[in-house]
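Observations on the model geometry
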Amino acid sequence: MERILIIGAAGQIGSELTVELRKIYGNENVFATDLKEPSEDIKNSGPWEILDVLDVKRLVHFVIRHKITQIYHLAAVLSGNAEKIPMQAWHINMEGLLNVLDLAKEIEDVKRIFWPSSIAVFGPSTPKDNTPQTTIAEPTTVYGITKLAGERWCEYYWKRYGVDARSIRYPGLISYKTEPGGGTTDYAVEIFYEAIRQKHYTCFLKEDTYLPMMYMSDAIKATIQLMQTEQDKITVRSAYNLGGMSFAPKDVAEKIKQYIPEFTIDYKPDFRQAIADTWPRSIDDSVARRDWNLEIDVDLDKMTKIMLNGVAEKFGKKLRF
Ligand code: VAH
């Protein structure tokens, strides 16, 4: 029986991944942990605990006590915030991952690790369109540096110690269940909150900034699919490219106007524009499709309806699109 530890269960990915994993493996077998309390539905549906991935003693004790067999280590400082606290971001993002990899190396019961990488591993010298799985990766952001280094460590622990660590280079992820968390792609979350709150949004990126994006349900499905794939089918031990769709702020604004005609937007690029300008516009995820049948269901139109309805419901507004 799988016993799963989620580190970062209160975050954007963790808050939805915990729910889906509990549906598959049973509520009592999925342990939600974070530095802050997770959502009510996570607290009320299964075990949860405050846990700091940097507290190695407590982490090891937790894993042994609960006979954990898989760890999803999601906690990290995202791109925008990492530029404000470079050394803390390096420490948190790298020490956290290395603690988990070392623990998997030492504790026999821990069979599989998931850790999220990002298209942020790519930099200005990377081909921007349909970026290949294997290509130049010279990130110029702190976040991207931590993700590239993390990928190298995952592959090292697999080759040297046989630790079955798996990873995905997520594009920008869009969901409504948690507030935006300091990422550069989070304009694509904020815009829906502001469209419902005040029918206007001031975007911190230029209107034609194309970035690879994905709705959260597709990302969660891909993550679980990768973790359920037989070991001999995995050919990438750094991190799999994951593309999804590519759109710019102007595309999202146009889609929102189809449902809220009075919605308006203006553009005031900030420091995050320089981050976005170093990332690809679109990603080739054919290797993931070949190795573990990646499928993407949600396009921009479907995502717009889901986001507007979801945010409206959160605010108790009687809107249905
Ligand atoms: C960020 N949401 O903006 C993350 C993501 C591709 C970007 O990794 O930092």
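Keep in mind the model is a prediction, meaning the values are calculated, not measured. (Residues numbered from 1 in each chain as written. Predicted model: local features only at pLDDT ≥ 70, side-chain atom pairs only at ≥ 80, totals over all residues. Heavy atoms only, no water.)

Here's the deal with the site of the ligand
The local shell around the ligand consists of L78, S79, S118, I119, Y143, P171, G172, G183, T184, T185 and W279. Y143 places a polar side-chain atom, nitrogen or oxygen, 2.7 Å from an oxygen atom of the ligand. The contact in question runs from a nitrogen atom of the ligand to an N or O atom on the side chain of T185, over 3.1 Å. Look at the ligand: alone it shows 280 Å² of surface, and the protein chains cover 95% of it. Taking a 2 Å distance to the grid points as the criterion, the majority of the atoms of the ligand fall inside the largest pocket. Classifying every residue of the shell around the ligand by side-chain character gives five nonpolar, six polar and no charged. Both domains that meet at the shell around the ligand, namely domain 1 (4–171 + 215–241) and domain 2 (173–213 + 244–281 + 298–314), each give it at least three residues. (Near = heavy atom within 4 Å. Polar contact = N/O pair within 3.5 Å; in protein donor to acceptor, adjacent residues only side chain to side chain. Areas by Shrake-Rupley, 256 points an atom, 1.4 Å probe, with all protein chains shown as cover. 1 Å grid on protein atoms, 1.4 Å probe; cavity = no way out; pocket = protein on both sides within 12 Å on 5 of 7 lines; lining within 4 Å. Sits in = over half its atoms within 2 Å of the grid points. Nonpolar A, V, L, I, M, F, W, Y, C, P; charged D, E, K, R; others polar. Domains from an automatic or database assignment.)

Focus on the domain arrangement of the protein
Looking at the protein, the domain boundaries give domain 1 (4–171 + 215–241) and domain 2 (173–213 + 244–281 + 298–314). Centre-to-centre separation of domain 1 and domain 2, based on C-alpha positions: 25 Å. Every contact between the two is made by 29 residues of domain 1 and, on the other side, 27 residues of domain 2. The junction of domain 1 with domain 2 conceals about 2400 Å² of combined surface from both sides, 61% of it contributed by carbon and sulfur atoms. Looking at the side of domain 1 facing domain 2, the largest losses of area belong to K128, P171 and Y215, adding up to 33% of the total buried there. Linking domain 1 with domain 2 are two salt bridges. (Contact = heavy atoms within 4.5 Å. Buried area = accessible area lost by both parts, 1.4 Å probe. Salt bridge = Lys/Arg side-chain N within 4 Å of Asp/Glu carboxyl O.)

So, the layout of surface pockets
Computed from the structure, the largest pocket encloses a volume of approximately 970 Å³. What lines the largest pocket is a set of 41 residues, and nearest its centre among them are G11, Q12, L74, A76 and L78. Listing elements by their share of the lining of the largest pocket, those giving two or more residues are α4 (79–84), β5 (112–118), α6 (142–161) and β7 (172–174). A per-element tally of the lining of the largest pocket places β5 first, with three residues. A class-by-class count of the residues in the lining of the largest pocket yields 21 nonpolar, 14 polar and six charged. (Points joined across faces, edges and corners; volume = space filled by probe spheres on them. Helix = DSSP H or I, 4+ residues; strand = E, 2+ residues; numbered from the N terminus.)

As for helix α8 (residues 216–227)
For α8, built from twelve residues, the straight-helix expectation of 16 Å at 1.5 Å per residue is met to within 8% by its first-to-last C-alpha distance of 17 Å. Among the twelve residues in α8, nine count as buried, and that is most of the element. (Expected span 1.5 Å × (residues − 1). Buried < 20%, exposed > 50% of the residue type's maximum accessible area, 1.4 Å probe, protein only.)

Some details on the packing of helix α1 (residues 14–25) against α8
Close contact between α1 and α8 brings their axes to 10 Å; oriented N to C, the two are set at 50°. By the angle between their directions, the pair α1 and α8 is classed as oblique. You can see that α1 and α8 cross each other, and the crossing is right-handed. Facing E16, L17, E20, L21 and I24 of α1, the residues of α8 in contact are M216, I220 and I224. In terms of residue class, the contact of α1 with α8 is built from six nonpolar, no polar and two charged. (Axes fitted to C-alpha atoms, helices over the stretch in contact; angles between N-to-C directions. Parallel < 35°, antiparallel > 145°, perpendicular 65-115°, else oblique. Left-handed = near helix turned anticlockwise from the far one by under 90°.)

Describing the pattern of salt bridges
Tallied over the full model, the rule gives 27 salt bridges. With a closest N to O distance of 2.9 Å, R166 and D164 form a salt bridge. A single burial state applies to R166 and to D164, both of which are buried. Between E230 and K233 there is a salt bridge, with the nearest N and O atoms lying 2.7 Å from each other.

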